[in-house]
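One-letter residues, chain by chain:
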Amino acid sequence: MKAVHFGAGNIGRGFVGLLLHEGGYEVVFSDVADALVDAINAASEYTVREAGPGGVNRVVTGFRAVNSRLAPDGLAEEIATADVVTTAVGPTVLRFVAPAIVEGLRRRSPDAAPLQVMACENAIGATDQLRDEVVTAAGADADALTAGAVFANTAVDRIVPAQPAGAGVDVTVEPYFEWAIESGPFDGALPSIPGAHFVDDLAPYIERKLFTVNTGHAATAYFGARAGIERISDALADPKIAAQVSAALEETSAVLVEEHGLDPAELAEYRAKILDRFRNPELVDTVQRVGRQPLRKISRNERFIGPAAMAAERGLSSSALTAAVAAALEFDDPADEQSVELQERLRNEDAESFTASATGLDPEHPLFAAIRDAVIARQEAIMV
Ligand SMILES: NC(=O)C1=CN([C@@H]2O[C@H](COP(=O)(O)OP(=O)(O)OC[C@H]3O[C@@H](n4cnc5c(N)ncnc54)[C@H](O)[C@@H]3O)[C@@H](O)[C@H]2O)C=CC1
Ligand SMILES: O=P(O)(O)OC[C@H]1O[C@](O)(CO)[C@@H](O)[C@@H]1O
């Protein structure tokens, strides 16, 4: 069995590649970073080190890498003969990997089993998004080519921070992981991924994960950055930040209870476990990494505006989530393109149009005024 995985970065090597290897797949990583591709090809094994309670070292073998920029033909051949294609490149990069999948499908034997495609990104419906990109890239051949593939949405959860210099292709991760995959598209022929669980309806899983783990993590990053703190674990050690993050997560839990009928007591346990994961002293993680790409994170269906809008529509509290968005508006990291763009736009756009375009909220939406007021406050602070 063979899997082609796009994005040999932190989650690619430290989670998706590891589980595919443990499931018995030969793993072909595809990446555009020349040095990373070369380093993977120079290694015969790499170690995933689980840092924290119960963590063990896991060794991955039976992999290689293809440079998708320099060797598109070789990549298409790999996809043509693969069983599984996964991605962990970031939601905004999916459109760049779609043409390679199309080319692989074109070369696939008509007798081959359908290619099983799963995008492992922090976004609701990431695989649907990838499928749309494949359809666009396939043009007139879309129906014929997508008939040779199945597309399943997934929710992936494991904290894999930036790796220390000199680590090579080894990866340090937290011990915890969760991978939920919608089962319907596979029609019974499930991929072999030990530890993954297959579910009929992914919506409660991805929303519970994105609106708890990712809301809480990003809120910690933005409140921490505002306080001048560098590490996530240090940010949560600040009682004021811990209270702000908890308040935001209580709001998202209230939405999840209403939306999906989840049990409030189980959600409280889930929240506590997640905050413990963020506190893991053995995992060095920074507010810069976790806060990266703030414009994506304050967009309409993402971890803040998504649940806050649902809360406001139901008459539930959204003030703690709005406070987190206010902190996100202050995220100013010269090394992060979206952070630079965010600060630039806050300087140059009026509050009303910035709020509408950045958050996708309609001015009539019950959340709109609160977010616009946070934007105004940030703009006034910038101008002082
Ligand atoms: N790091 C984490 O803890 C988690 C990350 N995720 C999601 O996984 C995705 C990747 O995140 P990370 O691994 O942290 O980022 P990363 O930056 O470590 O890895 C991304 C990799 O994708 C590669 N890449 C970029 N464009 C490409 C292309 N066109 N073709 C092939 N490869 C390409 C990059 O060179 C890089 O090696 C994101 O969507 C993130 O939200 C999800 C859960 C946890
Ligand atoms: O690109 P994003 O959305 O910041 O994704 C990375 C985030 O996902 C998480 O792994 C949670 O699953 C966090 O560690 C990390 O902050």
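Residues numbered from 1 in each chain as written. Chains lettered and ligands numbered in written order. Predicted model: local features only at pLDDT ≥ 70, side-chain atom pairs only at ≥ 80, totals over all residues. Heavy atoms only, no water.

The test is simple: UniProt positions are given in the numbering used here, feature names are shortened, and annotations may be inferred rather than shown by experiment.
Under an unreviewed UniProt entry, the chain has the name Mannitol-1-phosphate 5-dehydrogenase and belongs to Microbacterium hydrocarbonoxydans. What UniProt states about the chain under its Sequence similarities (unreviewed entry) heading is, verbatim, "Belongs to the mannitol dehydrogenase family."

**Overview of the packing of helix H15 (residues 337–348) against helix H17 (residues 368–383)**
This is how it is decided: Here, axes are lines fitted to C-alpha atoms. For helices the fit covers the stretch in contact, and angles between N-to-C directions go from 0 to 180 degrees. Helix and strand assignments come from DSSP, with helices taken as H or I runs of at least 4 residues and strands as E runs of at least 2, each series counted from the N terminus. Roughly parallel means an angle under 35 degrees; roughly antiparallel means over 145; roughly perpendicular covers 65 to 115; every other angle is labelled oblique. We call two residues contacting when some pair of their heavy atoms lies within 4.5 Å.
For the pair H15 and H17, interaxial distance at closest approach is 9 Å and the crossing angle is 90 degrees. Judged by the angle between their axes, H15 and H17 are roughly perpendicular. Each of Gln343, Leu346 and Arg347 in H15 lies in contact with H17, whose residues at this interface are Val375, Arg378, Gln379, Ile382 and Met383.

**Looking at the pattern of salt bridges**
Pairs can form between side chains of opposite charge whenever their charged atoms are close. The condition that has to hold: Only one rule defines a salt bridge in this text: a Lys or Arg side-chain nitrogen within 4 Å of an Asp or Glu carboxyl oxygen. Only protein chains enter the accessibility calculation, which uses a 1.4 Å probe; a residue is then buried when its area is under 20% of its type maximum, exposed when over 50%, and partly exposed in between.
According to the stated counting rule, one finds 25 salt bridges in the structure shown. We note a salt bridge from arginine 106 to glutamate 103, for which the minimum N-O separation is 3.6 Å. Of the two residues, arginine 106 and glutamate 103 both sit in helix H4 (residues 94–106), three residues apart, roughly one turn of that helix. The partly exposed category is assigned to arginine 106, whose relative accessible area is 38%. Exposure remark for glutamate 103: the relative accessible area of 28% places this residue in the partly exposed category. Where glutamate 103 meets arginine 107, a salt bridge forms, and the shortest distance between an N and an O atom there is 3.2 Å.

**So, the UniProt feature "binding site: NAD(+)" (unreviewed entry) in the chain**
The UniProt entry lists Ala3, Val4, His5, Phe6, Gly7, Ala8, Gly9, Asn10, Ile11, Gly12, Arg13 and Gly14 under the feature "binding site: NAD(+)" (unreviewed entry), expressed in the numbering used here. Turning to its location among the elements, alanine 3 is positioned in strand E1 (residues 2–6). For alanine 3, a relative accessible area of 0% translates into the label buried. Once residues within four sequence positions are removed from consideration, alanine 3 is found in contact with Leu20, Tyr25, Glu26, Val27, Val28 and Val84. Residue contacts for phenylalanine 6: discarding those within four places in its chain leaves Ser30, Leu75, Ile79, Val85, Thr86, Thr87, Ala88, Val89, Val97, Ala100 and Ile101.

**Let's talk about the sheet that holds strand E3 (residues 45–50)**
What counts is decided by this rule: Paired strands, in this sense, are two strands between which DSSP finds at least two bridges.
The strand order E4-E3-E10 describes an open sheet built from three strands, whose pairing is mixed. The sheet is open, and its two borders are formed by strand E4 (57–61) and strand E10 (171–173), each paired with just one other strand. The sheet shows a mean angle of 25 degrees between the axes of neighbouring strands, taken without regard to direction. With three bridges joining them, E3 and E10 adopt parallel strand pairing. The residue of E10 that forms the bridge with arginine 49 is threonine 172.

**Some points on the sheet that holds strand E12 (residues 197–199)**
Spatial ordering of the open sheet is given by E9-E11-E12, a layout of three strands whose pairing is mixed. The sheet is open, and its two borders are formed by strand E9 (154–157) and E12, each paired with just one other strand. If you compare each strand with its neighbour and ignore which way they point, the axes differ by 20 degrees on average. As defined by bridge partners, E9 adjoins strand E11 (residues 178–182) across four bridges and the pair is classed as antiparallel. When the sheet's bridge partners are listed, aspartate 157 is paired in E11 with glutamate 178. Where helix H7 (residues 203–226) meets the sheet, its contacts fall on E9, E11 and E12, and the angle it forms with E9 comes to roughly 35 degrees.

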